[in-house]
Amino acid sequence: DRERGTIQENQRSDNAGGSWYPIADFMANLAVTSLAMDPTNMNVMYASTGEGFGNVDALQGAGIFKSLNGGATWNQLSSTSGVNFQNTNRLAHHPTAANTLLAATTASQIFRSTDGGNTWTSVLGTIGIATDVKYHPLFPNNVLAGTASDAYFSSNAGVTWTRQTTGAAGKLPVSPGR
């Protein structure tokens, strides 16, 4: 097991973790940074790869992978094979809209896809490496994105963004830190 320094087969549970069974290594890159499931179809899952938090022993990723069978098999999204997705820190799937994802990357960008990852559009250039992105579970048009020193807010599901760390009235302090 991982705690003893050896890696065994990947495991899968079909009953909320009540029991597990082994499956083969599921993708070409195992530096998985986050998993996201399409809430409208639980067989569709996404895995981002590449450690992008600045650690010296970080593993480079190979983009984003997608499973259409609940994680049994995975395929790399060819749209994420380039340098912009080598280190994808976080994925977020829209809570109610099928095929809609946001990806926070070390390319200092938030990318958005509305077609299940076939194409991506840069919707936010961040100051510093984008480390996290989250949809509000009850108000899915509200999205937060963060870097080591800045926070950004979207009120239209990630289409446009406003920097919140400006120090202005009603905003967060300038570069408040992580």
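Quick summary incoming for the structure in this document. Computed from a prediction, not measured in an experiment: that's the story for all the values here. (Residues numbered from 1 in each chain as written. Predicted model: local features only at pLDDT ≥ 70, side-chain atom pairs only at ≥ 80, totals over all residues. Heavy atoms only, no water.)

**Points about the pattern of salt bridges**
Evaluated as defined, the whole model comprises three salt bridges. A salt bridge links Asp-132 to Lys-134; the shortest N-O distance between them is 3.6 Å. As a salt-bridge pair, Arg-163 and Asp-150 come within 2.9 Å of each other at their nearest N and O atoms. On the criterion of sequence distance, the pair formed by Arg-163 in strand E14 (residues 162–163) and Asp-150 in the loop between strand E12 (143–146) and strand E13 (151–154) is long-range, its members being 13 residues apart. Owing to a relative accessible area of 28%, Arg-163 belongs among the partly exposed residues under this scheme. Because the salt bridges share partners, they merge into one network encompassing Arg-90, Asp-132 and Lys-134. (Salt bridge = Lys/Arg side-chain N within 4 Å of Asp/Glu carboxyl O. Helix = DSSP H or I, 4+ residues; strand = E, 2+ residues; numbered from the N terminus. Buried < 20%, exposed > 50% of the residue type's maximum accessible area, 1.4 Å probe, protein only.)

**Comments concerning the side chain of Ser-154**
By the secondary structure assignment, Ser-154 is in strand E13. Looking at Ser-154, its side chain comes within polar contact range of the main-chain nitrogen of Gly-158, at 2.8 Å. Once residues within four sequence positions are removed from consideration, Ser-154 is found in contact with Asn-141, Asn-142, Val-143, Val-159, Thr-160 and Trp-161. (Polar contact = N/O pair within 3.5 Å; in protein donor to acceptor, adjacent residues only side chain to side chain. Contact = heavy atoms within 4.5 Å.)

**Focus on the sheet that holds E14**
One open sheet accounts for four strands, arranged E11-E12-E13-E14; its pairing is antiparallel. Taken across any chain shown, the strands that pair with only one partner, and hence form the sheet edges, are strand E11 (132–135) and E14. (Pairing = 2+ DSSP bridges.)

**Side note on the sheet that holds strand E10 (residues 121–125)**
Across the sheet, which stays open at both edges, the four strands sit in the order E7-E8-E9-E10 with antiparallel pairing between neighbours. Each having just a single partner strand, strand E7 (88–93) and E10 make up the two edges of the open sheet. For this sheet, the mean inter-axis angle between neighbouring strands, taken without regard to orientation, is 25°. Sheet topology note: the E7/strand E8 (residues 101–105) ladder contains five bridges and is antiparallel. Opposite Leu-91, over in E8, you have Ala-103 as the bridge partner. (Axes fitted to C-alpha atoms, helices over the stretch in contact; angles between N-to-C directions.)

**Notes on the environment of Gln-60**
Take Gln-60: it is sitting in the loop between strand E4 (45–49) and strand E5 (64–67). When the C-alpha positions of Gln-60 and Asn-87 are compared, they lie 6.1 Å apart, and in sequence the two are 27 residues distant.

**Describing the environment of His-93**
Here His-93 is to be found in strand E7. Take His-93: its relative accessible area is 10%, and that puts it in the buried class. C-alpha of His-93 to C-alpha of Pro-39: the two residues are 54 residues apart in sequence and 7.9 Å apart in space. Among residues more than four places away in sequence, those in contact with His-93 are Ala-36, Met-37, Asp-38, Pro-39, Tyr-46, Ala-98, Asn-99, Thr-100, Leu-101 and Tyr-135.

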